Amino acid sequence: MTTIPSSQLLWCVVRRGTPAKALEVDGNAAIPSDLSEDQVLVKVDAAALNPLGFKFMAIAPNWFAGRPHVAENDFAGTVIASKSAKHPVGKRVFGYLPLELQKSKKSDQGALAQYVRAGSEHVARVPDHISTIDAAGVALTGETAYQLLVQLAQVEAGQTLFINGGSSVGIACCQIAKALGCTVWASASGANKDLVMQCGADVFLDYTQRPLHEQLKANPPQPKFHAIIDAVGLMDQKIYIHSPAYLQPTGVFVSCMGGPKGSGLAAVREVLGFIWARRPVFLGGVNRRWKSVYTIHREEELLQLAQWMEEGKLKPVVDSVFEYDDVLKAYEKLMGGHAKGKVTIRINPQAS
């Protein structure tokens, strides 16, 4: 039987700002060992950082974000206490704590913790051949990619898609699209070509060589794309504006929705340009559907990701692993914008 300590170390978001300003360590936090029916207590091996994490820290007011709260959403580890028949003690699991749970004072849970209490619907089994370090970053990006492709784009086997971006979401989109039987065109920098091709891309475009909309207009697929997935969430909408040249009339443009790169007036101009690009057709807008994703956790999708990992169709891609003391360095790596896969925190020193 695993002995549960009396306290744990957490990284908490206590104020708005960059991670260096927003985060504080709580070295004497209570462990949420009081479980309700169908809940588990997980000893966390690793947690993964997501761009949404540092963006939300910087933008959202304290009252809206429910601060203070434990940082991040994605984790993996071992069940050490359970009131769930689905997840017995000793089972390795990966999971995702949605933003709503993270903000709730009744839950008060986040992934940058040594112990996490989660409902059984928020975790799934880690396949035997996958490490918890690798599995830690699968849930949120995987569910986002699934919803971009299946819920919003409604892709089907035999269709051709364009996936913009070799980000962690883009990498997951490539693999899931191939698992669904699609032909995949994908973009990234030339340095990431091998990774993107290994993840299932059939055609690769290097965005550093020439604007993507120009490359696509010069050499559109035949037939045109059934869907375009913007996994980067660009504010610059040139790919969408020119999409009638390479996206079918019944096709759809689906975006992760990012934020402005600039600040002040530059950010305002980016936002106004984004809004104008999506004006109605009767005002001269683009005659193609545009949708954006807001990831909503669904247990069946998490279980599908676990099955695809088991079958080798979805392979976690980890850029780098930082120790628990180096969380701020890990955020610096992620904020640099050039991570090739997930940036992961090893919380349990024995995890590998």
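See the structure printed just above.
Conventions we followed
Residues numbered from 1 in each chain as written. Predicted model: local features only at pLDDT ≥ 70, side-chain atom pairs only at ≥ 80, totals over all residues. Heavy atoms only, no water. Pairing = 2+ DSSP bridges. Helix = DSSP H or I, 4+ residues; strand = E, 2+ residues; numbered from the N terminus. Axes fitted to C-alpha atoms, helices over the stretch in contact; angles between N-to-C directions. Contact = heavy atoms within 4.5 Å. Buried < 20%, exposed > 50% of the residue type's maximum accessible area, 1.4 Å probe, protein only. Lys, Arg positive; Asp, Glu negative; His and termini not counted. Salt bridge = Lys/Arg side-chain N within 4 Å of Asp/Glu carboxyl O. Polar contact = N/O pair within 3.5 Å; in protein donor to acceptor, adjacent residues only side chain to side chain. Parallel < 35°, antiparallel > 145°, perpendicular 65-115°, else oblique. Nonpolar A, V, L, I, M, F, W, Y, C, P; charged D, E, K, R; others polar. Phe/Tyr/Trp six-rings, centres within 6.5 Å; stacked < 30°, edge-to-face > 60°.

### Some words on the sheet that holds strand β11 (residues 203-206)
Strand order in this open sheet of six strands is β11-β10-β9-β12-β13-β14, and the pairing throughout is parallel. Taken across any chain shown, the strands that pair with only one partner, and hence form the sheet edges, are β11 and β14 (289-292). Mean inter-strand twist for the sheet, computed between neighbouring axes without regard to direction, equals 20°. Here strand β13 (residues 247-255) runs beside β14; their pairing, made up of four bridges, is parallel. Pairing of S255 across the sheet is with S292, part of β14. Contacts from helix α6 (residues 139-152) reach β9 (160-164), β12 (225-230), β13 and β14, with the element oriented near 150° to β13.

### A short note on the side chain of R117
Secondary-structure assignment places R117 in strand β7 (residues 115-119). Salt bridges are absent for the buried R117, whose nearest opposite-charge side chain, D34, sits at 5.8 Å. Polar contacts involving the side chain of R117 include one to the main-chain carbonyl oxygen of D34, which spans 3.2 Å.

### A few points about the packing of α6 against helix α12 (residues 299-311)
Following both chains from N to C, one finds α6 and α12 inclined at 105°, their axes separated by 10 Å at the closest point. Put simply, α6 runs roughly perpendicular to α12. Of the residues in α12, those touching α6 at A139, G142, E143, Y146, Q147 and Q151 are E301, L302, Q304, L305 and W308. Taken together, the residues that form the contact of α6 with α12 break down as five nonpolar, four polar and two charged.

### Let's talk about the sheet that holds strand β4 (residues 69-70)
Ordered by their spatial adjacency, three strands build an open sheet running β2-β1-β4, and the pairing between neighbours is antiparallel. In this open sheet, the two edge strands, each paired with only one partner strand, are β2 (23-29) and β4. In terms of strand pairing, strand β1 (residues 8-13) meets β4 through two bridges, oriented antiparallel. What sits directly across from C12, in β4, is V70.

### Some details on the packing of aromatic side chains
Across all of its chains, the model carries six aromatic pairs by this definition. For the ring pair F56 and F64, a centre distance of 6.1 Å and an interplane angle of 55° mean the geometry is tilted. A ring pair is formed by W63 and F64, whose centres lie 5.8 Å apart and whose planes are at 85°; its orientation type is edge-to-face. Exposure remark for W63: the relative accessible area of 72% places this residue in the exposed category. A connected cluster of aromatic rings, assembled from ring pairs, spans F56, W63 and F64.

### Points about the pattern of salt bridges
All told, the structure shown has 10 salt bridges when counted by the stated rule. Here E24 ties to R15 by a salt bridge, and the two come within 2.7 Å at their closest N and O atoms. Taking the shortest distance from any N to any O, the salt bridge between R125 and D128 comes out at 3.4 Å. When salt bridges with common partners are traced through the structure, they connect R125, D128 and E310 into a single cluster.

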